[in-house]
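A closer look at the structure
If you want the building blocks of each chain, they are given just below.
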Amino acid sequence: MKDKKPSPRAPTLEPDQKKQLVNLQRRLLLRSGLTLGGVAMLTGCNLQDGDRVDKVLWAMSRWNDRVQAWLFNGQRLAQTYRPDQITHPFPFNAYYPEYNVPEVDLSGYQLEVSGKVAKTAPWTLEQLQRLPQQSQITRLICIEGWSAIGQWGGVPLRVFLQHVGADLNARYVGFKCADRYYSSIDMATALHPQTILALDFAGKALPAEYGYPLRLRVPTKLGFKNAKHIAAIFVSDTNPGGYWEDQGYNWFSGI
Amino acid sequence: MKAPMSRPVHRWPVRITHWVNLFAMTCMFMSGWEIYNASPLFDFRFPPAVTLGGWLGGAIGWHLALMWLLAFNGLCYLLWSLCSGHLRHDLLPLRLDALRRDIGLALTLRLQHRHGKYNAIQKLMYLGVVALGLLLVLSGLAIWKPVQLSWLVALFGGFDTARYVHFFAMAAVGLFVIIHLLMVIVVPRTLWAMLAGGKREG
């Protein structure tokens with residue numbers, strides 16, 4: 001250790017000032033200690049209790065919605081993959097265990113259409129199958145972090161919305177599902193060329209665990225936005241929210 | 001510019017961004033661990049006591065809210081360091097021979113701490129953690145926006161690799177934090193300097 005040289009510039013402090021300085025330093029140390037303690041106290045804030053911190057987190061999530069909508073490019077395509085890159089087996093994922101997958105009665109199945117559309121007549125599967133179809137091999141990315149590559153085919157949502165005379169300037173497209181799931185996406189994403197109403201998976205009719213008979217497949221959103229067992233589609237200017245979105249998952253969840 | 005001796009060890013922009021960084025990083029670490037637990041890359045999970053958010057949605061809410069504070073704070077620090085000469089005078093130059101000498105001194109426990117002047121190992125550590133921070137931001141962006149920023153994902157060699165890069169960069173910053181804290185325990189007056197500025201020694 002070097003000898004301390006008295007610096008000529010250093011002002012000499014009165015005893016009272018020295019005491020004040022020590023007190024100030026002590027207060028600052030205490031405050032920094034509280035930073036970590038404060039984080040420990042924050043661990044209960046989870047977007048679900050409605051306290052003040054939760055309100056800030058919700059506001060930040062809305063801010064992130066806006067940033068993502070700005071960042072979203074309606075023409076940029078998600079990467080597509082070769083058939084040999086498909087994930088086997090493709091993971092099952094839902095808000096319930098696999099044995100609770102709903103059995104949709106095909107004979108009575110109809111896709112209802114409502115909201116800001118010209119034609120609200122319900123659709124049968126056969127009618128949907130007669131619309132132009134598109135198949136793609138894309139990566140589904142789950143909010144949990146895992147991802148899997150699969151092949152989906154069906155009607156581009158843009159084509160369907162044009163057929164029902166939807167107001168393409170409306171803000172949201174919402175989905176209600178046979179398993180009581182619900183979700184919604186922004187119109188820009190609904191019109192994206194890779195956003196499809198999927199009727200089949202791996203070249204065959206959608207299996208029950210992957211959303212029979214109709215699901216949304218949107219490669220520019222996280223997995224939970226890909227609603228399964230769709231029973232109704234509606235177009236709206238009011239944000240319809242979603243099953244997970246209303247609990248705290250970020251609504252836009254674009255990727 | 002004022003003579004170096006009259007400056008405090010840490011000027012106020014360094015001190016403020018340091019403590020804001022402590023808060024933001026702690027939240028990012030803890031919420032990130034909760035997100036990791038939802039789909040672990042390795043055969044272990046982080047105990048709930050050290051996680052933030054309570055559930056996956058809460059953790060992501062924290063992570064994506066605090067990332068703005070962390071990035072803004074980091075940007076303030078970088079811009080100030082570039083403009084004030086902090087980077088040029090305090091963190092650079094980092095010379096290989098000086099590094100070799102200081103590592104030798106450190107291994108034989110003869111490396112001294114000079115208040116207000118970084119040795120080569122300190123320069124390496126601080127420049128290294130800034131680089132790791134940038135890597136964390138980039139790999140985080142790749143995981144957050146793999147379609148819109150597909151070029152970034154390609155740079156990391158795919159979505160899954162970007163997740164591993166994000167994890168290992170986190171682990172490396174964590175290692176830095178541990179060493180950093182050990183050094184503060186060894187030389188406690190550095191804590192006072194980071195709080196109140198501190199007085200320079202020759």
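Residues numbered from 1 in each chain as written. Chains lettered and ligands numbered in written order. Predicted model: local features only at pLDDT ≥ 70, side-chain atom pairs only at ≥ 80, totals over all residues. Heavy atoms only, no water.

1. Observations concerning the overall build of chain B
Rules: Here a strand is any run of E in DSSP of at least two residues, a helix any run of H or I of at least four, and the numbering for each starts at the N terminus. When checking whether two residues touch, look at their non-hydrogen atoms; a contact exists if any pair is within 4.5 Å. Here the open area of atoms and residues is found with the Shrake-Rupley method and a 1.4 Å probe, where only the protein chains shown may cover a residue. For the charge count, each Lys or Arg is scored as positive and each Asp or Glu as negative, with His and the chain ends excluded. Where a charge lies is defined by one atom per residue type: Lys uses NZ, Arg uses CZ, Asp uses CG and Glu uses CD.
Assigned secondary structure in chain B consists of eight helices and zero strands. Reading the helices (α) and strands (β) of chain B from amino to carboxyl end gives α-α-α-α-α-α-α-α. Overall, chain B is about 50 × 35 × 35 Å in size when its C-alpha atoms are taken along their principal axes. For chain B, the proportion of contacts with a sequence separation of at least 24, taken over those separated by at least 6, is 66%. Only carbon and sulfur atoms are counted for the fraction: they give 74% of the accessible area of chain B, which is about 10800 Å². A gap of 13 Å separates the mean positions of the 18 positive and 7 negative side-chain charges of chain B.

2. A closer look at the packing of helix H1 (residues 12-38) of chain B against helix H2 (residues 56-84) of chain B
All names here are of chain B. Filter applied, for reference: Simply put, an axis is a line fit to the C-alpha atoms, just over the touching stretch for a helix, and the angle between two N-to-C directions goes from 0 to 180 degrees. Relative orientations are named as follows: roughly parallel for angles under 35 degrees, roughly antiparallel for angles over 145 degrees, roughly perpendicular for angles from 65 to 115 degrees, and oblique for any other angle. Note: crossing handedness is left-handed where the near helix turns anticlockwise from the far helix by less than a right angle, and right-handed where it turns clockwise. As a working rule, the residues Ala, Val, Leu, Ile, Met, Phe, Trp, Tyr, Cys and Pro are called nonpolar, Asp, Glu, Lys and Arg charged, and the rest polar, with Gly in that last group.
Running from N to C, H1 and H2 point in directions that differ by 150 degrees, and their axes come no closer than 8 Å. Here H1 is positioned roughly antiparallel relative to H2, judged by the angle of their axes. As H1 runs across H2, the sense of the crossing is left-handed. Taken together, the residues of the contact of H1 with H2 break down into 21 nonpolar, six polar and one charged.

3. Digging into the UniProt feature "domain: Cytochrome b561 bacterial/Ni-hydrogenase" (unreviewed entry) in chain B
Note the cut-off: UniProt positions are given in the numbering used here, feature names are shortened, and annotations may be inferred rather than shown by experiment.
The UniProt record annotates "domain: Cytochrome b561 bacterial/Ni-hydrogenase" (unreviewed entry) at residues 10-197 of chain B. Annotated as residues 10-197 of chain B, this span is 76% helix and 0% strand, and its ends, taken at the C-alpha atoms, are 5 Å apart.

4. Observations regarding the packing of H1(B) against helix H7 (residues 159-186) of chain B
Residue and element names in this part refer to chain B. Viewed as axis vectors pointing N to C, H1 and H7 meet at an angle of 135 degrees, and their least axial separation amounts to 12 Å. When the axes of H1 and H7 are compared, the pair comes out oblique. As for how H1 packs across H7, the hand of that crossing is left-handed. Residues His18, Met25, Phe29, Trp33 and Tyr36 of H1 pack against Phe167, Met170, Val173, Gly174, Val177 and His180 of H7. Looking at the contact of H1 with H7 residue by residue, the class counts come to eight nonpolar, three polar and no charged.

5. Quick look at the state of the cysteines
One way to say it: the disulfide is the covalent bond shared by the sulfur atoms of two cysteines. Residue and element names in this part refer to chain A. The condition is simple: The term disulfide is used for any two cysteine sulfur atoms that are within 2.5 Å. We call a residue buried when its accessible area falls under 20% of the maximum for its residue type, exposed when it is over 50%, and partly exposed in between, using a 1.4 Å probe and counting protein chains only.
In total, this model carries zero disulfides over all chains according to the counting rule given. Cysteine 177 takes part in no disulfide bond, and the closest cysteine sulfur to it belongs to cysteine 142, at a distance of 16 Å. On the accessibility criterion, cysteine 177 (11% relative accessible area) is buried.

6. A few points about the interface of chain B and chain A
Put simply, the rule is: For any pair of parts, buried area is found by adding up, for both, the accessible area (1.4 Å probe) each one loses once the two are put together. Within this document, salt bridges are pairs made up of a side-chain nitrogen of Lys or Arg and a carboxyl oxygen of Asp or Glu, the two lying within 4 Å of each other. Counting of polar contacts relies on pairs of N or O atoms within 3.5 Å, with two restrictions inside protein: one atom must be capable of donating a hydrogen and the other of accepting it, and residues adjacent in sequence are counted only when both atoms are side-chain atoms.
Chain B puts 41 residues into the contact, and the matching count from chain A is 46 residues. Of all residues in chain B, the largest losses of buried area upon contact with chain A belong to B:Trp55, B:Val147 and B:Gln148, amounting jointly to 19% of the total for that side. At the junction of chain B with chain A, the criterion picks out one salt bridge. The residue A:Arg139 makes a salt bridge to B:Asp160 at a minimum N-O spacing of 3.7 Å. One can count eight residue pairs in polar contact (both at pLDDT 80 or more) joining chain B with chain A. The element contributing the most residues to the side of chain B that touches chain A is H2(B), with ten residues. Taken together, the residues of the side of chain B that touches chain A break down into 24 nonpolar, twelve polar and five charged.

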